[in-house]
Amino acid sequence: MPVSNHRPPATVGTASDTARPSPVLIGRVFLISLGIGYNFALIGPIAKELSRSFDVTLGAVGLLTTLLLITHALSQLPAAIPAQRIGPLKMVRIVFVCVAIANAVAVVAPWFWLLGVTRLVVGCFTGPVFVGGLDGTRRLGGPLLAGVFGGAATFGVGLSLVVGGLFDSLGMSWRATFVVAAVLAALAAAFGPRDAEKPSGEGAVAHIGAVLRSGPLWRLSLLHSATFGASLVVGAWIVTHLVNGQATTFVAGAIGFGLLGTAAVFRPVGGELFGRGTSWRVLGPFATLGSGVGLFLLALGLPTWLAAIVSLAIGVCFALPFSAVFALSVRAEPANPAAAIALVNMMGAVFALVLTPFTGVMMDHDVGYIGFLVLAAVAVVAAWVARNPLGATRSP
């Protein structure tokens, strides 16, 4: 789909591309990022306790996370309608109230099925948080602040693992983990950032139809899937893959943490570089191609020390395109910014939902390297397809 040469007005975020967010604003954005990120991995550290407490299998416990991820992915595109109608960050604060209530119900849930319902509800609202958070933060502080939001969400995932493990080691109930989730959501609802602009009051299904027909957005979606989506797949399986090689569980875990931690730190760095005029082809296709090369090397099997270095490089390559992808998504569809962001991020989540179990099946058959090779191949294809995502009429 050709993209107009018309430069979007400030209300779609380009004027804020070079804005320097204040420390207070960064702190507020960090708060909503923690609120969403903490919810994604909180089941892992308490899975065995949940299994014993409700007398269910670990497989059943795993469904709690699956429910959240599915509803998280599917709720993003519909969330664009209220985001554009009432304002993205106002929507974020409203849905965080619902997230806090759902987690509060989980604290006292006497039945496993009710706990499952709370996870499903939380997933329905984390999707809107991600869409509204990205749209709202890039309006307030351009690519840099959008990168802070994305990076801090990853930090929130790590925080849930640390807190859950700490509670377990102290002999505390699994319910304490949900108390923290409810408190973080309530704080995000109360103290999260406010919209800087008056909402358009518009929001219709037609906006969704427009972005679904946008060629540039599908090209950006492919690259986002090859980086952000792939980071979720790699985060889920890199420890198992390395342990099947030469690494101990502790060392493999440290390498996995290093990869995700590097990705979290370099997302705002990528946003800052894009805001300062660094070429899209460097931050997008070149970085994505770099991640593909790194994944190919990991698939072949490397000495542990070299796998650690390559993993850090992959983390950087996963991170650099993040903010630029969403900045270009808005430029591609300036009349439908929230819907554009929602489509691109939703496809990244769907990609992870498909490739994560696929890679797990490969691991079960002792050919886990095939999953990493598929991710590498997708990265190479995405780097080529998205080399000029806005089409021949405009250069990013």
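Before any of the text, the structure's been laid out above.
Residues numbered from 1 in each chain as written. Predicted model: local features only at pLDDT ≥ 70, side-chain atom pairs only at ≥ 80, totals over all residues. Heavy atoms only, no water.

A.B. asks: Explain a nonpolar patch on the surface to me, and be specific about the residues and the numbers.
C.D. replies: Together, Leu289, Val293, Phe296, Leu297, Leu300 and Val380 give the surface a local cluster of nonpolar side chains, amounting to about 500 Å² of exposed area. Ranked by residue count, the leading element in the nonpolar patch is helix H11 (residues 280-300), at five residues. One can find Phe296 in helix H11. By relative accessible area, Phe296 is classed as partly exposed at 40%. (Patch = residues over 30% accessible without salt bridge, like charges linked within 9 Å, V, L, I, M, F, W, Y side chains within 5 Å. Areas by Shrake-Rupley, 256 points an atom, 1.4 Å probe, with all protein chains shown as cover. Salt bridge = Lys/Arg side-chain N within 4 Å of Asp/Glu carboxyl O. Helix = DSSP H or I, 4+ residues; strand = E, 2+ residues; numbered from the N terminus. Buried < 20%, exposed > 50% of the residue type's maximum accessible area, 1.4 Å probe, protein only.)

A.B. asks: Explain the packing of helix H6 (residues 112-169) against helix H7 (residues 175-191) to me, and be specific about the residues and the numbers.
C.D. replies: Packed helix pairs are specified by the crossing angle of their axes together with the interaxial distance, meaning the distance between the axes. Close contact between H6 and H7 brings their axes to 7 Å; oriented N to C, the two are set at 20°. On the basis of their axis angle, the class for H6 and H7 is roughly parallel. Where H6 crosses over H7, the handedness of that crossing is left-handed. Packed against H6, whose contacting residues are Leu115, Arg119, Val163, Gly164 and Phe167, the element H7 presents Ala176, Thr177, Phe178 and Val180 at the interface. Within the contact of H6 with H7, the residues separate by chemical class into six nonpolar, two polar and one charged. (Axes fitted to C-alpha atoms, helices over the stretch in contact; angles between N-to-C directions. Parallel < 35°, antiparallel > 145°, perpendicular 65-115°, else oblique. Left-handed = near helix turned anticlockwise from the far one by under 90°. Contact = heavy atoms within 4.5 Å. Nonpolar A, V, L, I, M, F, W, Y, C, P; charged D, E, K, R; others polar.)

A.B. asks: For the state of the cysteines, give the residues involved together with the corresponding values.
C.D. replies: Linking two cysteines covalently via their sulfur atoms produces the bond known as a disulfide. Under the counting rule described, the total for this entry stands at zero disulfides. The thiol of Cys124 is unpaired, and the distance to the nearest cysteine sulfur, on Cys98, comes to 10 Å. With a relative accessible area of 32%, Cys124 lands in the partly exposed category. (Disulfide = S-S within 2.5 Å.)

A.B. asks: Just give me the short version of the packing of aromatic side chains, but keep the residues and values in it.
C.D. replies: Scanning all chains against the criterion turns up nine aromatic pairs. Ring centres 6.1 Å apart and planes at 50° place the aromatic pair Phe130 and Phe228 in the tilted group. In this pair, Phe130 is assigned in helix H6 and Phe228 in helix H9 (residues 215-243), connecting sequence segments 98 residues apart. Both residues of the pair, Phe130 and Phe228, count as buried. Between Trp174 and Phe178 the ring centres are 5.8 Å apart and the planes differ by 90°, which places this aromatic pair in the edge-to-face class. Owing to a relative accessible area of 2%, Trp174 belongs among the buried residues under this scheme. By relative accessible area, which is 0% here, Phe178 ends up buried. Its end group placed over the ring of Phe322, Arg267 keeps NZ or CZ at 4.8 Å from the ring centre. The positively charged end of Arg387 is found above the aromatic ring belonging to Trp384, 3.8 Å away from the centroid. (Phe/Tyr/Trp six-rings, centres within 6.5 Å; stacked < 30°, edge-to-face > 60°. Lys NZ or Arg CZ within 6 Å of the ring centre and 35° of its normal.)

A.B. asks: Which residues make up the pattern of salt bridges, and what values go with them?
C.D. replies: Inspection of the entire model under this criterion finds three salt bridges. Its salt-bridge partner being Arg138, residue Asp135 comes within 2.6 Å of it at the nearest N-O pair. One end of the pair is Asp135 and the other is Arg138, both in helix H6 and three residues apart, which spans about a single turn. Each member of the pair, Asp135 as well as Arg138, is classed as buried. A salt bridge links Glu272 to Arg276; its shortest N-O distance comes to 2.7 Å. In this structure, a network of salt bridges that share partners links the residues Asp135, Arg138 and Arg139.

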